[in-house]
Amino acid sequence: MTDPSHIVILTGAGISAESGIDTFRDAGGVWENHPIEQVATPEGFAKDPELVHRFYNLRRAALSTVEPNAAHIALGRLQDAFQGQLTLVTQNVDDLHERGGSTDVIHMHGELLSAFCTACDHRWEQRSDLSPTTPCPACRTAGGPRPDIVWFGEMPYQMRRLEAAVQSCDLFVSIGTSGAVYPAAGFVHLARTFDAQTLELNLEASQGSAAFDEARHGPATQLVPQWVNSILS
Ligand code: BJW
(Lines give C-alpha, C1' and ligand atoms only; values in the text may rest on other atoms or scores of the structure.)
Protein backbone atom coordinates (compact mmCIF):
# COMPACT_ATOMS: atom_id res chain seq x y z
CA MET A 1 0.00 0.00 0.00
CA THR A 2 1.03 3.64 -0.32
CA ASP A 3 2.36 5.34 2.81
CA PRO A 4 -0.51 5.78 5.30
CA SER A 5 -1.56 9.31 6.22
CA HIS A 6 -3.81 8.43 9.18
CA ILE A 7 -3.17 5.37 11.32
CA VAL A 8 -5.56 4.19 14.03
CA ILE A 9 -3.97 1.79 16.52
CA LEU A 10 -6.17 -0.25 18.88
CA THR A 11 -4.38 -2.04 21.71
CA GLY A 12 -5.52 -4.64 24.22
CA ALA A 13 -4.22 -6.62 27.17
CA GLY A 14 -1.69 -8.53 25.01
CA ILE A 15 0.51 -5.46 24.61
CA SER A 16 0.99 -5.25 28.39
CA ALA A 17 1.36 -9.02 28.96
CA GLU A 18 5.14 -8.98 28.64
CA SER A 19 5.26 -6.18 31.22
CA GLY A 20 3.72 -8.63 33.69
CA ILE A 21 0.05 -7.60 33.58
CA ASP A 22 -2.30 -10.57 33.14
CA THR A 23 -4.57 -10.67 30.09
CA PHE A 24 -8.25 -11.46 30.62
CA ARG A 25 -9.07 -14.52 28.54
CA ASP A 26 -5.77 -16.40 28.20
CA ALA A 27 -5.04 -19.41 30.46
CA GLY A 28 -4.25 -17.98 33.92
CA GLY A 29 -5.88 -14.68 32.89
CA VAL A 30 -7.82 -12.31 35.15
CA TRP A 31 -11.21 -13.90 34.52
CA GLU A 32 -10.02 -17.33 35.63
CA ASN A 33 -10.03 -16.28 39.31
CA HIS A 34 -12.48 -13.40 39.21
CA PRO A 35 -15.90 -14.03 37.63
CA ILE A 36 -16.72 -11.20 35.20
CA GLU A 37 -20.19 -10.64 36.58
CA GLN A 38 -18.79 -10.08 40.10
CA VAL A 39 -16.06 -7.56 39.30
CA ALA A 40 -16.83 -6.03 35.90
CA THR A 41 -20.52 -5.17 35.92
CA PRO A 42 -22.47 -2.36 37.64
CA GLU A 43 -24.65 -5.09 39.20
CA GLY A 44 -21.61 -6.77 40.75
CA PHE A 45 -20.50 -3.44 42.23
CA ALA A 46 -23.95 -2.74 43.66
CA LYS A 47 -24.04 -6.21 45.24
CA ASP A 48 -20.55 -6.28 46.76
CA PRO A 49 -18.65 -2.97 46.52
CA GLU A 50 -16.00 -4.15 48.97
CA LEU A 51 -15.01 -7.08 46.74
CA VAL A 52 -14.93 -4.89 43.64
CA HIS A 53 -12.84 -2.19 45.36
CA ARG A 54 -10.41 -4.85 46.61
CA PHE A 55 -10.03 -6.21 43.05
CA TYR A 56 -9.24 -2.78 41.57
CA ASN A 57 -7.12 -1.67 44.56
CA LEU A 58 -4.83 -4.65 43.95
CA ARG A 59 -4.57 -3.95 40.22
CA ARG A 60 -3.99 -0.22 40.81
CA ALA A 61 -1.22 -0.97 43.35
CA ALA A 62 0.36 -3.48 40.94
CA LEU A 63 0.93 -0.70 38.38
CA SER A 64 3.88 0.56 40.42
CA THR A 65 5.59 -2.82 40.01
CA VAL A 66 5.52 -2.94 36.19
CA GLU A 67 7.28 -1.02 33.41
CA PRO A 68 6.40 -0.29 29.79
CA ASN A 69 7.92 -2.81 27.37
CA ALA A 70 9.47 -2.50 23.92
CA ALA A 71 6.04 -2.45 22.26
CA HIS A 72 4.74 0.53 24.29
CA ILE A 73 8.03 2.35 23.73
CA ALA A 74 7.96 1.69 19.97
CA LEU A 75 4.46 3.22 19.74
CA GLY A 76 5.70 6.28 21.66
CA ARG A 77 8.54 6.60 19.15
CA LEU A 78 6.10 6.22 16.25
CA GLN A 79 3.91 9.02 17.58
CA ASP A 80 6.97 11.28 17.85
CA ALA A 81 8.34 10.59 14.39
CA PHE A 82 5.31 9.85 12.19
CA GLN A 83 4.54 12.72 9.82
CA GLY A 84 0.84 11.89 9.40
CA GLN A 85 -2.02 11.62 11.89
CA LEU A 86 -1.95 8.91 14.54
CA THR A 87 -4.81 7.95 16.84
CA LEU A 88 -3.88 5.60 19.69
CA VAL A 89 -6.84 3.96 21.40
CA THR A 90 -6.42 1.39 24.13
CA GLN A 91 -8.83 -0.92 25.87
CA ASN A 92 -6.27 -1.18 28.66
CA VAL A 93 -6.78 0.52 31.98
CA ASP A 94 -3.05 0.63 32.82
CA ASP A 95 -0.82 3.67 32.18
CA LEU A 96 1.96 1.89 30.27
CA HIS A 97 1.36 3.70 26.95
CA GLU A 98 1.81 7.06 28.67
CA ARG A 99 4.90 5.83 30.50
CA GLY A 100 6.18 4.47 27.17
CA GLY A 101 6.09 7.97 25.69
CA SER A 102 2.63 8.19 24.07
CA THR A 103 0.37 11.20 24.59
CA ASP A 104 -3.33 11.80 23.98
CA VAL A 105 -4.08 8.09 24.49
CA ILE A 106 -7.80 7.33 24.34
CA HIS A 107 -8.66 4.91 27.17
CA MET A 108 -11.99 3.64 25.89
CA HIS A 109 -12.49 1.29 28.90
CA GLY A 110 -11.35 3.80 31.55
CA GLU A 111 -8.25 4.02 33.73
CA LEU A 112 -7.14 2.43 36.99
CA LEU A 113 -5.62 5.73 38.12
CA SER A 114 -8.93 7.56 37.85
CA ALA A 115 -12.14 7.51 39.91
CA PHE A 116 -15.48 9.24 39.70
CA CYS A 117 -18.36 9.92 42.05
CA THR A 118 -21.66 8.18 41.38
CA ALA A 119 -23.43 10.94 43.33
CA CYS A 120 -22.07 14.08 41.62
CA ASP A 121 -20.06 12.82 38.58
CA HIS A 122 -16.87 14.53 39.77
CA ARG A 123 -13.78 12.75 38.31
CA TRP A 124 -10.22 12.82 39.70
CA GLU A 125 -6.85 11.09 39.67
CA GLN A 126 -6.90 8.19 42.15
CA ARG A 127 -3.63 6.60 43.28
CA SER A 128 -4.58 5.21 46.70
CA ASP A 129 -7.10 2.50 47.66
CA LEU A 130 -10.86 3.07 47.57
CA SER A 131 -13.39 1.51 49.96
CA PRO A 132 -17.19 1.50 50.28
CA THR A 133 -16.88 4.39 52.77
CA THR A 134 -14.41 6.61 50.88
CA PRO A 135 -15.94 10.11 50.64
CA CYS A 136 -16.06 11.97 47.32
CA PRO A 137 -13.47 14.80 47.42
CA ALA A 138 -16.03 17.19 45.88
CA CYS A 139 -19.47 16.44 47.38
CA ARG A 140 -18.26 14.38 50.40
CA THR A 141 -20.78 11.56 49.75
CA ALA A 142 -19.41 8.47 51.53
CA GLY A 143 -19.29 5.52 49.14
CA GLY A 144 -19.94 7.75 46.12
CA PRO A 145 -16.54 7.04 44.52
CA ARG A 146 -16.06 4.11 42.14
CA PRO A 147 -13.23 3.00 39.86
CA ASP A 148 -13.30 4.83 36.53
CA ILE A 149 -13.60 1.57 34.59
CA VAL A 150 -16.12 0.83 31.83
CA TRP A 151 -17.94 -2.31 32.93
CA PHE A 152 -20.08 -4.60 30.76
CA GLY A 153 -23.29 -2.90 29.74
CA GLU A 154 -21.76 0.59 30.09
CA MET A 155 -20.89 2.86 27.18
CA PRO A 156 -17.16 2.99 26.36
CA TYR A 157 -15.61 6.47 26.37
CA GLN A 158 -15.21 8.81 23.40
CA MET A 159 -17.16 6.61 20.98
CA ARG A 160 -17.98 9.45 18.58
CA ARG A 161 -14.34 10.49 18.31
CA LEU A 162 -13.29 6.85 17.90
CA GLU A 163 -15.80 6.05 15.19
CA ALA A 164 -14.85 9.21 13.29
CA ALA A 165 -11.15 8.28 13.52
CA VAL A 166 -11.73 4.70 12.34
CA GLN A 167 -13.88 5.93 9.45
CA SER A 168 -11.23 8.40 8.28
CA CYS A 169 -8.05 6.32 8.71
CA ASP A 170 -6.28 4.56 5.88
CA LEU A 171 -4.54 2.01 8.13
CA PHE A 172 -6.13 0.29 11.14
CA VAL A 173 -3.81 -1.78 13.34
CA SER A 174 -5.02 -4.01 16.17
CA ILE A 175 -2.42 -5.12 18.72
CA GLY A 176 -2.80 -7.75 21.46
CA THR A 177 -6.56 -8.01 21.67
CA SER A 178 -8.77 -11.09 21.40
CA GLY A 179 -11.52 -9.34 19.46
CA ALA A 180 -14.05 -10.69 21.93
CA VAL A 181 -15.44 -7.43 23.30
CA TYR A 182 -17.60 -4.93 21.43
CA PRO A 183 -17.65 -2.20 20.26
CA ALA A 184 -13.82 -2.40 19.92
CA ALA A 185 -14.09 -5.77 18.15
CA GLY A 186 -16.21 -4.11 15.45
CA PHE A 187 -13.66 -1.42 14.54
CA VAL A 188 -11.92 -3.64 11.97
CA HIS A 189 -15.21 -4.06 10.07
CA LEU A 190 -15.90 -0.32 10.22
CA ALA A 191 -12.38 0.45 8.97
CA ARG A 192 -12.78 -1.94 6.05
CA THR A 193 -16.16 -0.47 5.15
CA PHE A 194 -14.34 2.85 4.76
CA ASP A 195 -11.57 1.24 2.64
CA ALA A 196 -8.75 1.25 5.20
CA GLN A 197 -6.06 -1.43 5.16
CA THR A 198 -6.23 -3.57 8.31
CA LEU A 199 -3.43 -5.34 10.17
CA GLU A 200 -3.51 -7.56 13.24
CA LEU A 201 -0.43 -8.02 15.47
CA ASN A 202 -1.20 -10.68 18.09
CA LEU A 203 0.45 -13.59 19.83
CA GLU A 204 -1.76 -16.02 17.93
CA ALA A 205 -4.81 -15.94 15.67
CA SER A 206 -7.54 -14.06 17.55
CA GLN A 207 -11.30 -14.40 17.34
CA GLY A 208 -11.25 -11.55 14.81
CA SER A 209 -8.19 -12.52 12.73
CA ALA A 210 -10.12 -13.51 9.62
CA ALA A 211 -11.49 -9.98 9.30
CA PHE A 212 -8.03 -8.41 8.79
CA ASP A 213 -6.24 -7.96 5.46
CA GLU A 214 -3.07 -9.19 7.14
CA ALA A 215 -2.31 -10.89 10.46
CA ARG A 216 1.16 -11.32 11.96
CA HIS A 217 1.55 -13.60 14.95
CA GLY A 218 4.15 -13.43 17.73
CA PRO A 219 4.93 -11.49 20.90
CA ALA A 220 4.15 -7.78 20.84
CA THR A 221 7.67 -6.85 22.00
CA GLN A 222 8.99 -8.26 18.71
CA LEU A 223 6.18 -7.55 16.25
CA VAL A 224 5.44 -3.95 17.24
CA PRO A 225 9.01 -2.54 17.04
CA GLN A 226 9.45 -4.34 13.67
CA TRP A 227 6.23 -2.86 12.32
CA VAL A 228 7.07 0.63 13.64
CA ASN A 229 10.49 0.46 11.96
CA SER A 230 8.82 -0.47 8.67
CA ILE A 231 6.45 2.51 8.90
CA LEU A 232 9.24 4.95 9.75
CA SER A 233 11.78 3.66 7.20
C1 BJW B 1 -0.50 -11.20 23.17
C2 BJW B 1 0.53 -11.43 24.05
C3 BJW B 1 1.76 -10.92 23.69
C4 BJW B 1 -1.16 -12.35 24.90
N5 BJW B 1 1.88 -10.24 22.54
N6 BJW B 1 -0.35 -10.53 22.04
C7 BJW B 1 -23.42 -9.85 22.14
C8 BJW B 1 -22.90 -9.45 20.93
C9 BJW B 1 -22.20 -8.25 20.79
C10 BJW B 1 -21.98 -7.43 21.88
C11 BJW B 1 -22.49 -7.84 23.10
C12 BJW B 1 -23.20 -9.03 23.23
N13 BJW B 1 -23.57 -9.16 24.52
C14 BJW B 1 -23.10 -8.09 25.22
C15 BJW B 1 -22.43 -7.27 24.36
C16 BJW B 1 -21.74 -6.01 24.67
C17 BJW B 1 -20.51 -6.24 25.51
C18 BJW B 1 -19.65 -7.32 24.88
O19 BJW B 1 -18.88 -7.08 23.97
N20 BJW B 1 -19.72 -8.53 25.40
C21 BJW B 1 -18.93 -9.64 24.81
C22 BJW B 1 -18.46 -10.53 25.93
C23 BJW B 1 -19.77 -10.32 23.77
N24 BJW B 1 -19.81 -4.96 25.53
C25 BJW B 1 -20.10 -4.02 26.42
O26 BJW B 1 -20.92 -4.20 27.30
C27 BJW B 1 -19.40 -2.68 26.23
N28 BJW B 1 -20.37 -1.66 26.19
C29 BJW B 1 -21.28 -1.59 25.24
O30 BJW B 1 -21.37 -2.41 24.35
O31 BJW B 1 -22.08 -0.49 25.34
C32 BJW B 1 -23.16 -0.34 24.42
C33 BJW B 1 -22.78 0.29 23.12
C34 BJW B 1 -23.71 0.36 22.13
C35 BJW B 1 -23.40 0.95 20.91
C36 BJW B 1 -22.17 1.48 20.69
C37 BJW B 1 -21.24 1.45 21.67
C38 BJW B 1 -21.54 0.84 22.88
C39 BJW B 1 -18.47 -2.41 27.41
C40 BJW B 1 -17.31 -3.34 27.43
C41 BJW B 1 -16.46 -3.09 28.66
C42 BJW B 1 -15.30 -4.05 28.73
N43 BJW B 1 -14.65 -3.93 29.96
C44 BJW B 1 -13.53 -4.84 30.26
C45 BJW B 1 -13.35 -4.98 31.77
C46 BJW B 1 -12.78 -3.81 32.42
C47 BJW B 1 -12.57 -4.16 33.84
C48 BJW B 1 -11.17 -4.47 34.15
O49 BJW B 1 -10.24 -4.00 33.49
O50 BJW B 1 -11.03 -5.20 35.09
O51 BJW B 1 -12.38 -4.40 29.58
S52 BJW B 1 -13.76 -6.51 29.71
C53 BJW B 1 -12.09 -6.80 29.37
O54 BJW B 1 -12.05 -7.20 27.98
C55 BJW B 1 -11.37 -5.43 29.49
C56 BJW B 1 -10.63 -5.40 28.18
O57 BJW B 1 -10.35 -4.05 27.82
C58 BJW B 1 -11.54 -6.11 27.22
C59 BJW B 1 -10.86 -6.65 25.99
O60 BJW B 1 -9.95 -7.65 26.33
P61 BJW B 1 -8.59 -7.77 25.55
O62 BJW B 1 -7.77 -6.58 25.76
O63 BJW B 1 -8.84 -8.17 24.14
O64 BJW B 1 -7.86 -8.98 26.36
P65 BJW B 1 -8.02 -10.55 26.14
O66 BJW B 1 -7.48 -11.21 27.36
O67 BJW B 1 -9.36 -10.93 25.71
O68 BJW B 1 -7.05 -10.86 24.90
C69 BJW B 1 -5.65 -10.71 24.98
C70 BJW B 1 -5.06 -11.02 23.63
O71 BJW B 1 -3.67 -10.75 23.70
C72 BJW B 1 -5.19 -12.50 23.22
O73 BJW B 1 -5.67 -12.57 21.87
C74 BJW B 1 -3.78 -13.05 23.32
O75 BJW B 1 -3.48 -14.02 22.33
C76 BJW B 1 -2.97 -11.80 23.10
N77 BJW B 1 -1.65 -11.83 23.73
N78 BJW B 1 0.03 -12.18 25.13
C79 BJW B 1 0.77 -10.10 21.75
N80 BJW B 1 2.85 -11.11 24.49
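These numbers come from a predicted model, not from an experiment.

### Some words on the packing of helix α6 (residues 70-81) against helix α10 (residues 220-232)
Line of reasoning, step 1. With their axes 8 Å apart at the nearest point, α6 and α10 run at an angle of 15 degrees to one another. As judged from the angle between their axes, α6 and α10 are roughly parallel. Two packed elements cross with a definite hand, and for α6 against α10 that hand is left-handed. On the side of α6, the interface is formed by A70, A71, A74, L75, R77, L78 and A81, while α10 contributes A220, T221, V224, P225, W227, V228, N229, I231 and L232.
Line of reasoning, step 2. Taken together, the residues of the contact of α6 with α10 break down into 13 nonpolar, two polar and one charged.

### Points about the packing of aromatic side chains
Line of reasoning, step 1. A full pass over the atoms with the stated rule returns five aromatic pairs.
Line of reasoning, step 2. With centroids separated by 5.3 Å and ring planes inclined at 45 degrees, the aromatic side chains of F45 and W151 adopt a geometry described as tilted. Residue F45 is found in helix α4 (residues 42-47), and its partner W151 is found in the loop between β6 (145-149) and α8 (159-168); the two are separated by 106 residues along the sequence. Here F45 matches W151 in class, with each residue buried.
Line of reasoning, step 3. Look at Y56 and W151: their rings are 6.2 Å apart centre to centre, the planes differ by 45 degrees, and that puts the pair in the tilted class. Of the two residues, Y56 sits in helix α5 (residues 49-62) while W151 sits in the loop between β6 and α8, which places them 95 residues apart along the sequence. Each member of the pair Y56 and W151 is classed as buried.
Line of reasoning, step 4. An aromatic cluster is present here, built from F45, F55, Y56 and W151 joined pairwise through their rings.

Cut-offs used in this document
Residues numbered from 1 in each chain as written. Predicted model: local features only at pLDDT ≥ 70, side-chain atom pairs only at ≥ 80, totals over all residues. Heavy atoms only, no water. Axes fitted to C-alpha atoms, helices over the stretch in contact; angles between N-to-C directions. Helix = DSSP H or I, 4+ residues; strand = E, 2+ residues; numbered from the N terminus. Parallel < 35°, antiparallel > 145°, perpendicular 65-115°, else oblique. Left-handed = near helix turned anticlockwise from the far one by under 90°. Contact = heavy atoms within 4.5 Å. Nonpolar A, V, L, I, M, F, W, Y, C, P; charged D, E, K, R; others polar. Phe/Tyr/Trp six-rings, centres within 6.5 Å; stacked < 30°, edge-to-face > 60°. Buried < 20%, exposed > 50% of the residue type's maximum accessible area, 1.4 Å probe, protein only.

Just distances and angles here, no functional claims.
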